[in-house]
Amino acid sequence: MATTTKKDLALRVSQDTACKKNLASKMVDTVFEAMRESLINGDRIEIRGFGVFQVKETRPKPAARNPRTGQIIYVPARRKTHFRPGKLLKEELHKPIEAQS
């Protein structure tokens, strides 16, 4: 399974838009910074054809147990990120994998 990095995304943006790599890298960084700030503020990010990022609250767990020591610990409520794929992405992901020759 391959991993796509920010550098790979910037290179792709650079190639598709015929702009310099430095500018493309700055654009990708700016997009991710804006997304990060929106999620920290609790905003929902909807990208049509891709999906929705949102922040969800978890409930506190007053009687969790440490599996190593058996000690009962309190786990406070927190926020977590959640991604729900959009219709187009979901359809592409649910297609059967083609046999490679």
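Before any of the text, the structure's been laid out above.
Since the model is a prediction, treat every value here as computed from it, not as a measurement.

*Asks:* What exactly am I supposed to notice about the overall build of the protein chain here?
*Replies:* When you go through the protein chain residue by residue, the secondary structure sums to three helices and five strands. What you see in the protein chain, going N to C, is helices and strands ordered as α-α-β-β-β-β-β-α. Taking 13 Å as the expected radius of gyration for a compact globule of 101 residues, we find that the protein chain reaches 20 Å, considerably beyond that expectation. In terms of its C-alpha atoms, the protein chain occupies a principal-axis envelope of roughly 55 × 40 × 30 Å. Residues classed as buried in the protein chain amount to 14% of the 101 residues present.

*Asks:* Sorry, what's going on with the pairing of strand S4 (residues 72-75) here?
*Replies:* The two faces of the sheet receive side chains in turn, since in a regular strand these alternate between them. Pairing between strand S3 (residues 61-65) and S4: three bridges, direction antiparallel. Its bridge partner being in S4, Ala64 is matched across the sheet by Ile73. Count of turn residues in the S3/S4 antiparallel hairpin: six residues, of which Gly70 carries a positive phi of about 80°.

*Asks:* Looking at this model, I keep getting lost on the pattern of salt bridges. Mind explaining?
*Replies:* Side-chain pairing between opposite charges can occur once the charged atoms of the two side chains come close. All told, the structure shown has six salt bridges when counted by the stated rule. The closest approach of N and O atoms between Arg44 and Glu46, which form a salt bridge, is 3.1 Å. A relative accessible area of 46% means that Arg44 is categorised as partly exposed. A relative accessible area of 41% places Glu46 in the partly exposed class. Each of Arg44, Glu46 and Arg48 takes part in one network of salt bridges that share partners.

*Asks:* How should the side chain of Thr58 be read in this particular structure?
*Replies:* Along the chain, Thr58 turns up in the loop between strand S2 (51-57) and S3. In this structure Thr58 touches Ala77, Arg78 and Lys80, once residues within four positions along its chain are discounted.

*Asks:* Which parts of the structure should I look at to understand the sheet that holds strand S5 (residues 79-85)?
*Replies:* Strand pairing in a sheet relies on backbone hydrogen bonds. The paired strands run either parallel or antiparallel. Read across the open sheet, the three strands follow the order S1-S2-S5; overall the sheet is antiparallel. Among the strands making up the open sheet, the edge pair consists of strand S1 (45-47) and S5. Recorded for the sheet is a direction-independent mean angle of 20° between the axes of neighbouring strands.

Rules used throughout
- Residues numbered from 1 in each chain as written.
- Predicted model: local features only at pLDDT ≥ 70, side-chain atom pairs only at ≥ 80, totals over all residues.
- Heavy atoms only, no water.
- Helix = DSSP H or I, 4+ residues; strand = E, 2+ residues; numbered from the N terminus.
- Rg over C-alpha atoms; globule rule 2.2 N^0.38 Å.
- Buried < 20%, exposed > 50% of the residue type's maximum accessible area, 1.4 Å probe, protein only.
- Pairing = 2+ DSSP bridges.
- Salt bridge = Lys/Arg side-chain N within 4 Å of Asp/Glu carboxyl O.
- Contact = heavy atoms within 4.5 Å.
- Axes fitted to C-alpha atoms, helices over the stretch in contact; angles between N-to-C directions.

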